[in-house]
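Understanding the architecture of this molecule
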Amino acid sequence: MDHQRVGDARQAWGRVTAWLENHAPEVFAALGGPGSPAAICDAELRMGLQLPEQLRQWLLGHDIDAGRQPPAGSCLVALGCPGVLPSGGLLLGLLDIERVYLHKMAMEELARSGSTDYPSWRREWVPIASERDGFYGTFVNTITGAVGSWSEGSLPAEREYASLFAFFQDVADQLEGVSSGAWDGPGRARRRGPGPEDDPVRLWARANGYLVNDRGRIPAAIRKAYEASR
């Protein structure tokens, strides 16, 4: 697999942070400082897996949750950073990555009834973005390095991007309003479907930490929450 598809996630992430620093300084400030190698190792032990190098390097550069504790009675995603991903949802720090991962694993084990043909979650998937309750989100496959997504009521999409580099390149392209071509997968194509009548719902969803990337349509649960808020 060539460099353009695998690449260096830190390089692509640098484009994202540069744009945020210039155009959304409050979001940039919320990204936090460097992550802790010891904290990453501890989280890996608790999750029972090893993070791929790209994900580890990204967390070492910026850990949204570093030095923070979840407030009492918080949602599954206790902290998270809105405003980074144009597709919506909250970018996760290490603490929330572990919380969502352990929750998804527990739910999968509870739901399993002898058949593993179509699991809703796999042990090698590590979440990197989610809405508050974990019904929708984005994950990295720790074996292949590919990036996929999950959504309530449908099967997970296992390979929307070839790597974390490709995912962040697409995020940066969307923020900058350009097309570098340095990403791989159907992720962007899936976001081209909605019409202008959906824009108010999407804006509200993004402002409230919901991830809207379900094959180009807005999930019914988000539409219902939007209508209830009006």
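Residues numbered from 1 in each chain as written. Predicted model: local features only at pLDDT ≥ 70, side-chain atom pairs only at ≥ 80, totals over all residues. Heavy atoms only, no water.

**Focus on the pairing of strand 3 (residues 136–141)**
- Counting buried residues in strand 3 gives six out of six residues, a clear majority hidden from the surface.
- Residues Y136, T138 and V140 point to one face of strand 3 and G137, F139 and N141 to the other, with burial holding for every one of them.
- Two successive antiparallel strands, strand 2 (residues 125–130) and strand 3, enclose a turn made up of five residues, where G134 displays a positive phi of approximately 80°.
- Bridge analysis of strand 3 against strand 4 (residues 147–151) gives five bridges, and the strand direction is antiparallel. Considered in strand 4, the bridge of T138 is made with S149.
- Counting the residues that bridge the hairpin from strand 3 to strand 4 gives five residues, and of these G145 lies at a positive phi of roughly 85°. (Buried < 20%, exposed > 50% of the residue type's maximum accessible area, 1.4 Å probe, protein only. Helix = DSSP H or I, 4+ residues; strand = E, 2+ residues; numbered from the N terminus. Pairing = 2+ DSSP bridges.)

**Examining the side chain of E160**
- Along the chain, E160 falls in strand 5 (residues 154–161).
- Owing to a relative accessible area of 5%, E160 belongs among the buried residues under this scheme.
- Engagement of the side chain of E160 in a polar contact is seen with the side chain of S149, the distance being 3.1 Å. (Polar contact = N/O pair within 3.5 Å; in protein donor to acceptor, adjacent residues only side chain to side chain.)

**With respect to the environment of R132**
- Among the structural elements, R132 can be located in the loop between strand 2 and strand 3.
- In this structure R132 comes out as partly exposed when scored by relative accessible area, which is 29%.
- In sequence terms R132 and G89 are 43 residues apart; their C-alpha atoms lie 8.0 Å from each other.
- Among the polar contacts listed, one links the side chain of R132 to the backbone oxygen of L79, at a separation of 2.8 Å.

**Details of the pattern of salt bridges**
- Taken as a whole, this structure holds seven salt bridges when the rule is applied.
- The partner of D173 in a salt bridge is R15, and the shortest N-O contact between them spans 2.8 Å. With D173 in helix 7 (residues 164–176) and R15 in helix 2 (residues 9–23), this residue pair connects regions lying 158 residues apart in the sequence. (Salt bridge = Lys/Arg side-chain N within 4 Å of Asp/Glu carboxyl O.)

**A look at the confidence of the model for the chain**
- Confidence along the chain averages 80 in pLDDT terms, with 78% of residues attaining 70 or more.
- Note on residues 1–6: pLDDT is under 50 here. Beyond four places in sequence and across chains, it has 17 contacts.
- Per-residue pLDDT stays below 50 along residues 189–196; that stretch engages in twelve contacts with residues further than four places along the chain or on separate chains. (pLDDT = per-residue confidence, 0-100. Contact = heavy atoms within 4.5 Å.)

**A closer look at the pairing of strand 4**
- Extensive coverage of strand 4 is indicated by the burial of five of its five residues.
- By the alternation rule, side chains of strand 4 split into V147, S149 and S151 and G148 and W150, which are all buried.
- Here strand 4 pairs with strand 5 via three bridges, running antiparallel. Its bridge partner being in strand 5, S149 is matched across the sheet by A157.
- Turn length for the strand 4-strand 5 hairpin, with the two strands adjacent in sequence and antiparallel, is two residues, and the turn residue G153 shows positive phi of about 85°.

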